[in-house]
Each structure stands twice: as C-alpha cells, then as structure tokens.
Amino acid sequence: MSRWIARARQNEDGVRWLIVSETDGEGVYVFGRRSEVDGPCEFDHWFSSVADAKSFCADLGVEAGAWVDIGDPLPQCQHDWVSPVRAVLRGDGARRHQQFERLTEGGWCPVEPNDPSLLIATLVQDGGRG
C-alpha cells in the first residue's frame with residue numbers, strides 16, 4: 001500500500017487537494033478536498049491502478065512531480081485524512097456518525113471535521129502528524 005497527496009491547480013470543480021490511496025488488492029482510491037483544512041473527503045473515486053488514478057488527478061490540475069508520499073494510514077485510521085484520525089466506535093463496534101479522534105502526543109483526542117487548526121499544507125510539511 002502507498003498514499004500520496006498533491007495540491008491541484010485552480011480548476012472549475014474547486015478541488016484543492018487530492019489523495020491517492022493504494023490498497024492491498026482492492027484497487028486505488030482518489031479522495032478529493034475543496035478545503036485547505038484536513039477532514040473527511042468531499043468525494044472519492046475508485047481506479048484499478050495508480051496510473052489511472054493519477055491520470056484522473058492530472059485532469060484536475062495536478063502536475064506529475066507534485067505528489068508527496070504521506071505514508072500509509074495507521075491501523076483503523078481514515079485513508080482520506082492526512083492526520084492520523086480514526087472514527088469513534090459505539091459499544092457495539094459500529095461507527096458513530098461524523099465523530100472522530102486524532103492521535104496527538106497525549107493520545108487519542110476528539111477532533112472536529114474541518115478543524116481550522118489542521119491546515120493540509122502544514123500537515124504535509126510535518127509528515128501528516130501536525
């Protein structure tokens with residue numbers, strides 16, 4: 001598995017960031033964000049190969065050399081966030097809708113989607129740990 005992120009040039013769809021996430025035998029996902037802030041993706045697409053996924057991203061204004069390797073997400077963490085974030089689970093193991101925890105130096109702490117302190121550009125520079 002591998003995961004990369006790139007900033008898109010201005011495009012008519014307003015897409016600012018794209019994450020390409022390769023899975024073990026399940027294809028490749030592209031997660032798109034129109035915000036400068038980390039959070040759940042606003043759209044996703046599935047592709048059979050990294051080349052096809054990155055070709056789609058090129059159509060949205062990503063240059064070939066713009067990709068930054070952000071590493072695989074930690075176990076049980078979201079593939080569409082840059083930060084190490086996981087969904088909060090109920091007692092029965094089901095996910096709580098739109099409730100997330102972010103790994104910080106002090107452990108897992110609640111995080112709001114689109115928390116303005118989680119700028120994607122800063123997270124990318126810090127290796128996704130913020």
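Quick caveat: nothing in here was measured; it's all calculated off a predicted structure.

**Q** Could you give an account of the overall build of the protein, naming the residues involved and the relevant values?
**A** Of the regular secondary structure elements, the protein holds two helices and eight strands. Along the protein, helices (α) and strands (β) appear in the sequence β-β-β-β-α-β-β-β-β-α when read from the amino end. Taking 130 residues into account, the globule formula puts the C-alpha radius of gyration at 14 Å, and the protein, at 14 Å, falls close to it. Overall, the C-alpha framework of the protein stretches about 40 × 30 × 25 Å when taken along its three principal axes.

**Q** So, the environment of Asp59: which residues are in play, and what are the values?
**A** Note that Asp59 resides in helix 1 (residues 50–59). Here Asp59 falls in the exposed class, since its relative accessible area comes to 68%. As for Asp59 and Met1, which are separated by 58 residues in sequence, their C-alpha atoms are 24 Å apart.

**Q** Describe the packing of aromatic side chains, listing the residues and the values that go with them.
**A** Per the counting criterion, the structure on display carries three aromatic pairs. Aromatic pair Trp81 and Phe100: ring centres 5.2 Å apart, planes at 50°, arrangement tilted. Pair noted here: Trp81 is in the loop between strand 5 (68–69) and strand 6 (85–89) and Phe100 is in strand 7 (residues 95–104), with a separation of 19 residues, a long-range link. By relative accessible area, Trp81 is classed as buried at 0%. When the ring centre of Trp4 is taken as reference, the NZ or CZ atom of Lys54 above it lies at 4.2 Å.

**Q** Explain the side chain of Asp38 residue by residue, including any values.
**A** Turning to its location among the elements, Asp38 is positioned in the loop between strand 3 (28–33) and strand 4 (43–47). In this structure Asp38 is buried but unpaired, with Arg33 as the nearest side chain of opposite charge at 5.4 Å. Among the polar contacts listed, one links the side chain of Asp38 to the backbone nitrogen of Val82, at a separation of 2.9 Å. A polar contact is formed between the side chain of Asp38 and the backbone nitrogen of Ser83, at a distance of 2.8 Å. Among all residues touching Asp38, those that are not within four sequence positions of it are Arg33, Asp80, Trp81, Val82, Ser83, Asn114, Asp115, Leu118, Ile120 and Leu123.

**Q** I'd like to hear about the sheet that holds strand 2 (residues 17–22), residue by residue, with values.
**A** In space, the five strands of this open sheet follow the order 4-3-2-1-5, with antiparallel pairing throughout. Edge positions in the sheet fall to strand 4 and strand 5, since each has one partner strand and no second. Examined bridge by bridge, strand 3 and strand 4 share five bridges and lie antiparallel to one another. Paired with Val30 across the bridge in strand 4 is His45.

The rules we used
- Residues numbered from 1 in each chain as written.
- Predicted model: local features only at pLDDT ≥ 70, side-chain atom pairs only at ≥ 80, totals over all residues.
- Heavy atoms only, no water.
- Helix = DSSP H or I, 4+ residues; strand = E, 2+ residues; numbered from the N terminus.
- Rg over C-alpha atoms; globule rule 2.2 N^0.38 Å.
- Buried < 20%, exposed > 50% of the residue type's maximum accessible area, 1.4 Å probe, protein only.
- Phe/Tyr/Trp six-rings, centres within 6.5 Å; stacked < 30°, edge-to-face > 60°.
- Lys NZ or Arg CZ within 6 Å of the ring centre and 35° of its normal.
- Lys, Arg positive; Asp, Glu negative; His and termini not counted.
- Salt bridge = Lys/Arg side-chain N within 4 Å of Asp/Glu carboxyl O.
- Polar contact = N/O pair within 3.5 Å; in protein donor to acceptor, adjacent residues only side chain to side chain.
- Contact = heavy atoms within 4.5 Å.
- Pairing = 2+ DSSP bridges.

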